[in-house]
Each structure stands twice: as C-alpha cells, then as structure tokens.
Amino acid sequence: MKKRCFISVLAGVFLLAPLVAMATDNGPEIIDLKEKFKVEGKRKAVNFPHRKHQDKLECSSCHQDPKGGGKLKFELVNLTGNKNDFHKKFCWPCHVEMKVPRGKSCSNCHK
Ligand code: HEC
Ligand code: HEC
Ligand code: HEC
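Draft legend 1. Quick peek at the overall build of the chain. Helix and strand content of the chain: five helices and two strands. Ordered by position in the sequence, the α and β elements of the chain form the string α-β-α-β-α-α-α. Expressed as a percentage of the 111 residues in the chain, the buried residues total 3%. Taking the intrachain contacts of the chain between residues at least 6 apart in sequence as the baseline, contacts between residues at least 24 apart amount to 23%.

Structure (structure tokens):
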C-alpha cells in the first residue's frame, strides 16, 4: 500500500513537472523600460537585460510574487531627471550592494 502510494506520487511529479515548466512565464528576455514606463527625456532608452538578472537572482528580488511577473516590489513614481526612482530605488541600490561592475556607469544602461 505504502509503496503504491509512493509510486503514484512519483508518477504525479513526473507528469506535472513539464506542465508547470510550460506554465511558468519568465517574461521578455530584454525590456525597453523607456517605452514600457513611458519615460520622457533625452537619454538613450534602457534595454533592461531581464534574463541575465533572472540567471543571477531570485524573482522575488524585484517582483512582489515570489514566482515573478505581475507587480514589482518598487514603487516607481518619479520618472524624470537624474534622481528618478529607477536610479534611487530600483537599479542602483542593488548594483551598489552587489558590487556590479560599472553598476552606476551611465553608458552601462543607457546605450
Ligand atoms: C543601472 C542602470 C542605470 C544606470 C547605470 C544609469 N541609469 Fe539613468 N535610467 C535608468 C532607467 C531604468 C531609467 C528609466 C528608463 C529609461 O529612461 O529608459 C533611467 C532614466 C534616466 C533619466 C530620465 C529619463 C531621461 O531620458 O531624461 C536620466 C536623466 C538618466 N537616467 C540619467 C542617467 C545618468 C546621467 C547616468 C549616469 C550617472 C545614469 N542615468 C545611469 C537606468 C540607469
Ligand atoms: C532585477 C529585477 C528583476 C528580476 C530578478 C526579475 N524580474 Fe521580471 N521584470 C522586471 C522588470 C523591471 C519587468 C518590467 C516591468 C513590468 O513588467 O512591470 C519585469 C517583467 C516581467 C514579466 C512581464 C510582466 C508583464 O506584465 O509583462 C514577467 C512574466 C516576469 N518579469 C517574470 C519574472 C520571473 C519569472 C522572474 C524570476 C525567474 C523574474 N521576472 C525576475 C524585473 C525583474
Ligand atoms: C536585486 C539586484 C539588482 C537589481 C534590482 C538590478 N540589477 Fe542590474 N545587475 C545585477 C547583477 C547582480 C548584475 C551582474 C550580472 C552578471 O554579472 O551577469 C547586473 C547587471 C546589470 C547590467 C549589465 C549586464 C551585462 O550585460 O553585463 C545591466 C545593463 C543592468 N544590470 C541593468 C539594470 C537595470 C536597468 C536595473 C533597474 C531597472 C537593474 N539592473 C536592477 C543586479 C541587479
């Protein structure tokens, strides 16, 4: 009885895993944040390397939902000038904390 139970759980896991994998939406590989957030200004648009971040970080580093997608953890209100919330709340604090090479260099993001 116990053994059969174990086998059916195992079978369930193997049958479900591909379905779960298919259902997981990792979102775009690269995201044009200027376009996405309708940011106005003369700086070159930031093409955010979403996938590269996913390879290094948990989804929950940026998304409210631990599985990713949906709302971000950061409230982005001020979208203009050098003191915009992308710099101040979102991108820069983590780059500084994780010592990302050239993490605050303008041309690393605006290119
Ligand atoms: C870690 C990434 C990152 C770095 C480094 C960075 N920025 Fe930004 N910046 C952004 C994002 C994201 C936005 C908002 C989206 C967009 O404009 O494409 C933005 C927006 C801006 C804006 C407002 C929009 C506009 O076009 O006027 C200015 C001004 C700006 N950045 C200047 C700078 C300057 C100057 C530097 C270097 C000191 C710099 N940024 C470095 C990510 C970065
Ligand atoms: C370093 C930050 C960061 C990490 C880590 C991250 N994301 Fe994102 N993600 C973003 C940003 C920024 C956007 C674009 C803004 C938006 O869609 O609200 C986005 C958008 C998305 C979207 C598209 C949402 C939409 O409405 O179009 C999906 C899906 C998504 N992410 C899934 C994931 C998953 C799954 C993970 C973990 C494997 C993950 N993300 C990790 C920053 C991140
Ligand atoms: C929670 C931490 C975290 C946040 C938030 C974050 N980054 Fe990063 N970012 C990293 C790490 C870690 C790396 C180094 C990745 C690597 O070495 O492959 C990185 C690298 C980068 C790079 C260089 C990628 C390359 O090709 O070498 C760019 C560009 C970048 N981030 C843009 C952004 C922008 C724009 C934002 C905000 C919208 C952002 N990041 C927010 C952690 C973060």
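Draft legend 2. Focus on the site of ligand 3. The full set close to ligand 3 counts 19 residues, and Phe48, Ser61, Cys91, Cys94 and Val100 are the nearest of them. For the shell around ligand 3, the secondary-structure elements that each account for two or more residues are α3 (50–56), α4 (85–97) and α5 (106–109). Top contributing element to the shell around ligand 3 by residue count: α4, with five residues. In terms of residue class, the shell around ligand 3 is made up of 13 nonpolar, four polar and two charged.

Draft legend 3. How the structure looks around the site of ligand 2. Lining the immediate environment of ligand 2, one finds 17 residues, of which Gly27, Cys59, Cys62, Gly68 and Gly69 sit closest. The dominant element in the shell around ligand 2, judged by the number of residues it contributes, is α3, at three residues.

Draft legend 4. Up close: unusual backbone geometry. Notably, Lys38 is not glycine yet its phi reads approximately 50°, a positive angle. The residue Lys99 is not glycine, and still its phi comes out positive at about 50°.

Draft legend 5. Quick peek at the environment of Gly27. Within the element layout of this structure, Gly27 appears in the loop between α1 (2–23) and β1 (31–32). With 41 residues separating them in the primary sequence, Gly27 and Gly68 have C-alpha atoms 8.8 Å apart. Setting aside residues up to four positions removed in sequence, Gly27 forms contacts with His50 and Gly69.

The rules behind these values
- For every chain, the first residue of the written sequence is number 1, and numbering continues from 1 along that sequence.
- Naming scheme: in the order in which they are written, chains are lettered from A and ligands are numbered from 1.
- Since the coordinates come from a predicted model, pLDDT governs what is reported: local features require at least 70, and pairs of side-chain atoms require 80 or more to be given and counted, while whole-chain, interface and lining totals use all residues.
- Runs of H or I in DSSP of at least four residues are treated as helices and runs of E of at least two as strands, each being numbered from the N terminus.
- Using C-beta atoms placed from the backbone, we call a residue buried if 20 or more other C-beta atoms fall within 10 Å of its own, exposed if 12 or fewer do, and partly exposed for counts in between.
- By the criterion used throughout, residues are in contact when their C-beta atoms, derived from the backbone, lie within 7 Å.
- Contact assignment follows one rule, namely that a residue is near a molecule or strand if its backbone-placed C-beta atom lies within 6 Å of it.
- Put simply, Ala, Val, Leu, Ile, Met, Phe, Trp, Tyr, Cys and Pro go in the nonpolar bin, Asp, Glu, Lys and Arg in the charged bin, and everything else, Gly too, in the polar bin.

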